[in-house]
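# Observations on chain architecture
Below are the chains, spelled out letter by letter.
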Amino acid sequence: SPPSPLLPNPVTINYRHGLPVITLMLPTRSERCQFTVKPALTTVGAFLQDVQREDKGIERAEVFATDGSKVSDATLMEVLLLNDFKLVINNTAYSVSPPVKEKLSSEHATEMEDVKSLVHRLFVALHLEDHQIRKERELLQKVDHLKEELLPLEQMKARIMDSAEAKTSRLLWIGLALMSTQGGALAWLTWWVYSWDIMEPVTYFITYGSAMAFYAYFVLTKQDYIYTDAKDRQFLHYFYRKSKTQHFNVARYNKLKEDLAKAEESLRRLRQPLHLRLPIQEINDKD
């Protein structure tokens, strides 16, 4: 708890240009000193350190609330100045009553907003193009780096896709050959070996077996047996199997492609306003 003796208020707080100025008596030097603080940035601990640096004879500097609880050093001065508090320097406690900050009039507040808007527009006009050019260079370097990483992966992917495409096409031709052989065998058995009365139930069960096979395909894949979808599914099967044997990292490839697409899209969006503001000579040099 803070020391009991309370002296008459030697600590004053006034606002100058919107910032609080704390004036207090330095105990060792016996002179008044002013400290200008930024309420939204300065903490209680930083303020007390400034006071101790100003007077090396101060061994203890703390701040207490009116109820006797110690105020944390991490508390912002903006929060501290909302209520009365006690400032303890060495063994002496000072009661401090911050003045109520006057609110800006509506006309003054409007003028301040206009000034802030003007400063913002000036900053944008002076620095936006430099920022865009710097950002464009960063994106170009990123795009080039991603393309360099993708180049060997693209070559490996092309070889794997060619192999998978060849196997898929070969499977389709094998299927056509088997269906042609089946049709020829049924015709031969019907007209040269047996009669239609014998072959009719055979063809029925073959048709029923084909229907069962298509239904099993639907049960396993949850997709209808459509030739294009079945071809794509078989192609992916061959592709991933070949990728595993060739140590082709599909997840890494997809991630690089996604990053490249995002970088190129950001570059395209950045260049659209950039081309409207930069001189033609600089644009041509960059292109």
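Residues numbered from 1 in each chain as written. Predicted model: local features only at pLDDT ≥ 70, side-chain atom pairs only at ≥ 80, totals over all residues. Heavy atoms only, no water.

### With respect to the UniProt feature "transmembrane region" (unreviewed entry) in the protein chain
Those places that UniProt annotates as "transmembrane region" (unreviewed entry) correspond, in this numbering, to residues 171-190 and 202-220. Annotated as 100% helix and 0% strand, the span residues 171-190 places its first and last C-alpha atoms 28 Å apart. The straight-line gap between the two end C-alpha atoms of residues 202-220 is 27 Å; of that span, 100% is helix and 0% is strand. (UniProt positions renumbered as here; feature names shortened; annotations may be inferred. Helix = DSSP H or I, 4+ residues; strand = E, 2+ residues; numbered from the N terminus.)

### Thoughts on the packing of aromatic side chains
Taken as a whole and judged by the stated rule, the model has seven aromatic pairs. Taking 5.7 Å as the distance between ring centres and 90° as the angle between the ring planes, the aromatic pair formed by phenylalanine 239 and tyrosine 240 counts as edge-to-face. Taken together, Phe235, Phe239, Tyr240, Phe248 and Tyr253 form an aromatic cluster joined through their ring pairs. (Phe/Tyr/Trp six-rings, centres within 6.5 Å; stacked < 30°, edge-to-face > 60°.)

### Quick word on the pattern of salt bridges
Taken as a whole, this structure holds nine salt bridges when the rule is applied. Of the charged contacts, one joins glutamate 149 and arginine 252 as a salt bridge, the two residues approaching to 3.2 Å between their closest N and O atoms. Of the two residues, glutamate 149 is situated in helix α3 (residues 106-193) and arginine 252 in helix α6 (residues 250-277); the sequence distance between them amounts to 103 residues. Residue classification places glutamate 149 among the partly exposed residues on the basis of a relative accessible area of 24%. Relative accessible area serves as the criterion here: at 38%, arginine 252 is assigned to the partly exposed category. In this structure, the salt-bridge partner of glutamate 265 is arginine 268, at a minimum N-O distance of 2.6 Å. In this pair, glutamate 265 and arginine 268 are both assigned in helix α6, three residues apart and thus about one turn of the helix distant. (Salt bridge = Lys/Arg side-chain N within 4 Å of Asp/Glu carboxyl O. Buried < 20%, exposed > 50% of the residue type's maximum accessible area, 1.4 Å probe, protein only.)

### Brief notes about the sheet that holds strand β4 (residues 31-36)
The strand order across the open sheet built from three strands is β2-β3-β4, with neighbouring strands paired in antiparallel fashion. Two strands bound the open sheet, and with one partner strand each, they are β2 (12-16) and β4. Averaged over all pairs of adjacent strands, the angle between their axes in this sheet comes to 30°, without regard to strand direction. As paired elements, strand β3 (residues 19-26) and β4 share six bridges and run antiparallel to each other. (Pairing = 2+ DSSP bridges. Axes fitted to C-alpha atoms, helices over the stretch in contact; angles between N-to-C directions.)

### Considerations on the side chain of threonine 42
One can find threonine 42 in the loop between β4 and α1 (44-54). In this structure threonine 42 touches Val37, Phe47, Thr75, Leu76 and Met77, once residues within four positions along its chain are discounted. (Contact = heavy atoms within 4.5 Å.)

### A closer look at α1
Buried within α1 are the following residues: Val44, Gly45, Phe47, Leu48 and Val51. Along α1, the residues classed as buried sweep out an arc of 160° about the axis, all on the same side. Tucked inside the fold, the buried residues of α1 contact β3, β4, β5 (61-65), α2 (77-80) and β6 (85-89). (Arc of directions from axis to C-beta.)

### Regarding the nonpolar core
By size, the foremost hydrophobic cluster in this structure holds 25 residues, and its most contacted members are Leu24, Phe47, Val63, Phe85 and Leu87. Counting only elements with at least two residues in this core, the list comes to β3, β4, α1, β5, α2, β6 and β7 (92-96). With four residues, α1 is the largest single contributor of residues to this core. In this structure, leucine 87 is in contact with Val11, Leu24, Leu48, Glu62, Val63, Thr92, Ala93, Tyr94 and Val96, ignoring residues within four places of it in sequence. Within the second largest apolar cluster, 15 residues are counted, among which are Val143, Leu153, Phe239 and Leu256. (Core = buried A, V, L, I, M, F, W, Y, C linked by side-chain atoms within 4.5 Å.)

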